[in-house]
Every structure is written in C-alpha cells, then in structure tokens.
Amino acid sequence: MTHDVHIIGGGLAGSEAAWQLARRGLRVRLSEMRGASADKGGERSPAHQTDGLAELVCSNSFRSDDSEKNAVGLLHHEMRACGSLVMAAAAKAQVPAGSALAVDRDVFSAEVEAALAALPNLEIVRERIDRLPHAGLTVVATGPLTAQALAQSIGVATGAESLAFFDAIAPIVYRDSIDMDVCWMASRWDKPSKMGGDTNDYINCAMTREQYTAFREGLLAGEKTVFREWEANTPYFDGCMPIEVMAERGEDTLRFGPMKPVGLDDPRSATPDFPKGRWPYAVVQLRQDNKLGTLWNMVGFQTKLKHAEQVRLFRTIPGLEQAEFARLGGLHRNTFLNSPQLLDRQLRLKRAPHIRFAGQITGCEGYVESAAVGLLAGLMTAAEIAGRNWRTPPRTTALGALLSHITGDAEAETFQPMNVNFGLFPPLPDVKKKQRKEAYTARAKADLGEWVGLVPV
Ligand SMILES: Cc1cc2nc3c(=O)[nH]c(=O)nc-3n(C[C@H](O)[C@H](O)[C@H](O)COP(=O)(O)OP(=O)(O)OC[C@H]3O[C@@H](n4cnc5c(N)ncnc54)[C@H](O)[C@@H]3O)c2cc1C
C-alpha cells in the first residue's frame, strides 16, 4: 500500500497519531522496530519488554484523572474530547487506583494494537528506520530511547548540539509560591539584561553560613535515585553535574559554583557604609523559565535526589519555604530536540518541513503528554493533507499550553523536558490562589469546546 503519511515509532505518540490520521481515511504506514525480524533491524530499547504497540515502560499510571483541579486530568479530558485512542484504550484497561487513571499494561497495549489493526488503511510494519526520509510526510515518534542510527540521522538534520541524549533537569518552581519578602530580584554585578535594560533578571535567595552548611549536609545525606543498569554510563557534562555530586567535592564547591554569592548585593543587609547591601554567604538563584513568567528554574540545581527529599530540602532555602514545584529535578537517558529552536508551531522541522515530530522526543514528558503531542501531530498532518488551515488549540487549554511551551514559549537556551502543569497556562492573577486551579480548568473547558467543534472528524 502506498501511504499518505509515514509514522516512525509505535509507542504512545506514534499510535495516537496513526489513529487520528487513519480514522480520517488517510493511508498510514506505521513502522515499529520491536517485533521486526533481524534483517529488518528488529530491536528493543533497554526499557521496553514486549513487542506490543504503546507499551508502558515503567509505571502503569496515567496520573490524576481529576479534570477540575489537576492539569494532567484536564489533559485527559481534552484528549477524550478529541477522540483519543490512548484514552479509550485506558478506559477499557482501567484498574482501581483512587483518583488516578491506572491500567493493566498488557490489556492497554492489546487494546491499542487491536484498534489500529482494525483500520484498513493503516499498515503496521515491523521494521527499524535508520534515516530520516528525504521526502513524504513523516511523523517521527521514536521516543526518549530512539534507536541509535536514526538518532544520528536526526542529529545531522538538526545540528548535533540541538539533540540531547540526556536530560539534566533542575527543579522548576511556581513563581507565585516564592516569598518575595525574603528573596530579591537582581542580576550578578547588576549586569544589564539581555532582554533590554532591566538588571533584575534573577530571583535570589540568600543563605547564612549556618544555613549553607546545613543545606550541604542535607544534600550529602539525602537519599538518591540510582541509575538504571543501562543508564549507568550517564555522563556528567560540564554545567549539568548534580548538585549533590558538587557538594561531595568539597565544602565550598557549591559556593564557587551554582550558589556563588559574588556580585549579588543583598538589599536587606544595607547599611550607611554599604547602601546597596553586602554579599551573602551563599545564594540560590532562580531564572525565568517560560515567557509567561509563571515558572522559574533553580539555576544549576539538577539532581538525582529522590523527589520527596528534594521537596523537603529545597523548602529549607530562605524564601522557598512554601515553594510549589511544577517539576522536580532529575537526570535520565532521554533523546529530545531543542524544539523551541528547531520546530515550527506545527511541530515541523523548520529545515525540513515534511518531517514532523511527536511524543517525548519533542521535549514533553510523560505518557499522557507524549500521547497528547501525538494526537496533535496527527490532527496537524490531517489538516495539512486536506489543505485546511490548522487552528491551534487555545493556549488556555492543556493541549494548547503544552504545545505553546514546546514550540516557542520555553526558553531555548535552558530547554528541558516538561510535564503539563498550570504554570504553562496564561495566568489568572485576579483569581484568589485557592480558586485558581478550578478557574484554569473551567476556562480551558469553555475554550476547548469551541475549538473541538471546529476540528473535522
Ligand atoms: C525508563 C523510562 C521510564 C519512564 N517511566 C515513565 C512513567 O512511569 N510514567 C510516565 O508518564 N512516563 C514515563 N517515561 C517517560 C515517557 O513518557 C515514556 O517514555 C513514553 O513512552 C514516551 O512516549 P513516546 O511515544 O514518545 O515514546 P515510546 O513510547 O518510547 O515509543 C517510541 C517507539 O518508537 C520505537 N522506535 C525507536 N526507534 C525506532 C526506529 N529507529 N525505528 C522504528 N521504531 C523505533 C520504539 O520501539 C518505541 O516503540 C519513562 C521513560 C523512560 C525512558
């Protein structure tokens, strides 16, 4: 069968994209390397255990199903409204898990595969693809563990420096949970902002000697996540060494590294002799992470501390006592693009627009987010083939907020994979904090309704 679209990768994103296209009557070739014979490059990533499509490689949970107060629950709701295969299969495979949506992973994968196999214009081909096609509409959805030869081909097409093989994630904090009576805004040496004029780019949290010493001891003692066997050779690149490894290197290593106080006058210590204040003993800096200014990352704080430990320890930092984290730190093997730089607003490679990316390789993170970006890639490709203008989902919706983040709102310089969270949504500063989550979801649902109505079935 000749095809209209070639999808590479039959994981969460590729399966969802294939479904969205084929159920609209388009001819799809879906290439999946697992289950292929040796001469077709059959291979499994180190995390995959089966040959089933849409295999869940770790937890069996799609996280919260609460669409009133939770961003991922809202994303479930929106995907259902778009006729998502992943959500339909999850409903059939659901197992009890309180307010979370958890599934029997084998039933889930079998449901996805059966639904796809039943579509006459969809061909599932067990083969590994080693090169980006030169022509023909293509969706690349090969995930965080993309096979090596294809990853190299993507590296050549995008510029190797724009394709990461590991994420080194520093925690990201919601701006409105930072105590600005304790922290202050300043750039080191009051250097002018690259954005023009303003010298107050960073949020600074000052530490005394005692606070710094206790914090360093906390880092040393804190429980760390161990690397999986196949991640054991994860390199620590310059500039992304975990803070606990830096802490091990010496008492002052952090004070000469990410917690350097030099050039940061603390206004709270101002005296007639030092009207701008003195430098503190150590400083934790946070830098704006998205254009909306709602998310701030802890500069240089990539870590393998366990999540609960991160929350406990980072809340001992002055000004972060009430911090809410949009995501916590981590370091994993993960192939992903610098999407804000490389992709257009429709997930197409700017240099080769016949290639579209979907799933975790675009820099979203999580099963649901990956499937959601697959769904969007499917809808975009269908619109392109039909010659229709693509209408982007409103950025007030979870789909729109996630897409905006990947394709432009995130800072390209510091881009790291991201889960869906309310920090990606346009803020609602006039709504009281306690009611804000419900307000975000109510606005999203109202705005989604109109948009979904305009998506051709
Ligand atoms: C070890 C690990 C654990 C994770 N745990 C969780 C978790 O618990 N919860 C969560 O929400 N997220 C988790 N994630 C993150 C992520 O959301 C999942 O990896 C998710 O499956 C990504 O979906 P995807 O469709 O982008 O990629 P995948 O689901 O990985 O699908 C990619 C597919 O492409 C195929 N493929 C790769 N290269 C080629 C090629 N060259 N030719 C043909 N086929 C190819 C692969 O075999 C695979 O089937 C985890 C990631 C990893 C690596």
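For the structure itself, look to the data block above.
Not measured: the values here are computed from a predicted model.

1. Things to note about the site of the ligand
Taken together, the neighbourhood of the ligand is formed by 33 residues, with Glu32, Arg34, Ile129, Gln360 and Gly366 sitting nearest. Between the ligand and the protein, one listed contact pairs a nitrogen atom with a backbone N or O atom of Ile129 at 2.8 Å. The separation between an oxygen atom of the ligand and a polar side-chain atom of Ser370 is 3.5 Å. Protein chains shield 92% of the accessible area of the ligand, which is 980 Å² for the free molecule. Where the shell around the ligand is concerned, the elements lending two or more residues are helix 1 (12-22), strand 2 (28-32) and helix 10 (367-386). Partitioning the shell around the ligand into residue classes produces 15 nonpolar, 13 polar and five charged.

2. Considerations on the packing of helix 2 (residues 71-81) against helix 11 (residues 398-409)
Axes are the key here: two packed helices are described by the angle between their axes and the distance separating the axes. Packing of helix 2 against helix 11 brings their axes to within 8 Å, and their N-to-C directions diverge by 110°. What the angle tells us is that helix 2 and helix 11 run roughly perpendicular. Residues Ala71, Leu74, Leu75 and Glu78 of helix 2 pack against Ala398, Leu399 and Leu402 of helix 11. Here the contact of helix 2 with helix 11 is composed, by residue class, of six nonpolar, no polar and one charged.

3. Topic: unusual backbone geometry
Phi at Ala54 takes a positive value of approximately 50°, unusual for a residue other than glycine. Relative to the assigned elements, Ala54 resides in the loop between strand 2 and strand 3 (61-64). With a phi angle near 70°, Arg63 is a residue other than glycine that sits in the positive phi range.

4. Some words on the nonpolar core
Grouped together as the largest cluster of nonpolar side chains are 89 residues, with contacts concentrated most on Phe62, Phe108 and Leu116. The dominant element in this core, judged by the number of residues it contributes, is helix 10, at twelve residues. If sequence neighbours within four positions are ignored, Phe108 has contacts with Leu12, Ala54, Leu56, Phe62, Val86, Ala89, Ala90, Ala93 and Val103. Ile203, Val245, Met298 and Leu305 belong to the second-largest nonpolar core, a separate cluster that totals 31 residues.

5. Focus: the sheet that holds strand 9 (residues 172-174)
Strand order in the open sheet formed by six strands is 10-11-12-13-9-14, with antiparallel pairing between adjacent strands. Edge positions in the open sheet fall to strand 10 (184-186) and strand 14 (325-327), since each of these has one partner strand only. Going across the sheet, the axis of each strand differs from the next one's by a mean of 40°, ignoring polarity. With two bridges connecting them, strand 9 and strand 14 associate as antiparallel partners. Following the sheet pairing, Ile172 is matched in strand 14 by Arg327. Docked against the sheet, helix 6 (residues 209-221) engages strand 11 (202-207) and strand 12 (282-288), running at close to 95° with respect to strand 11.

Conventions and cut-offs
Residues numbered from 1 in each chain as written. Predicted model: local features only at pLDDT ≥ 70, side-chain atom pairs only at ≥ 80, totals over all residues. Heavy atoms only, no water. Near = heavy atom within 4 Å. Polar contact = N/O pair within 3.5 Å; in protein donor to acceptor, adjacent residues only side chain to side chain. Areas by Shrake-Rupley, 256 points an atom, 1.4 Å probe, with all protein chains shown as cover. Helix = DSSP H or I, 4+ residues; strand = E, 2+ residues; numbered from the N terminus. Nonpolar A, V, L, I, M, F, W, Y, C, P; charged D, E, K, R; others polar. Axes fitted to C-alpha atoms, helices over the stretch in contact; angles between N-to-C directions. Parallel < 35°, antiparallel > 145°, perpendicular 65-115°, else oblique. Contact = heavy atoms within 4.5 Å. Core = buried A, V, L, I, M, F, W, Y, C linked by side-chain atoms within 4.5 Å. Buried < 20%, exposed > 50% of the residue type's maximum accessible area, 1.4 Å probe, protein only. Pairing = 2+ DSSP bridges.

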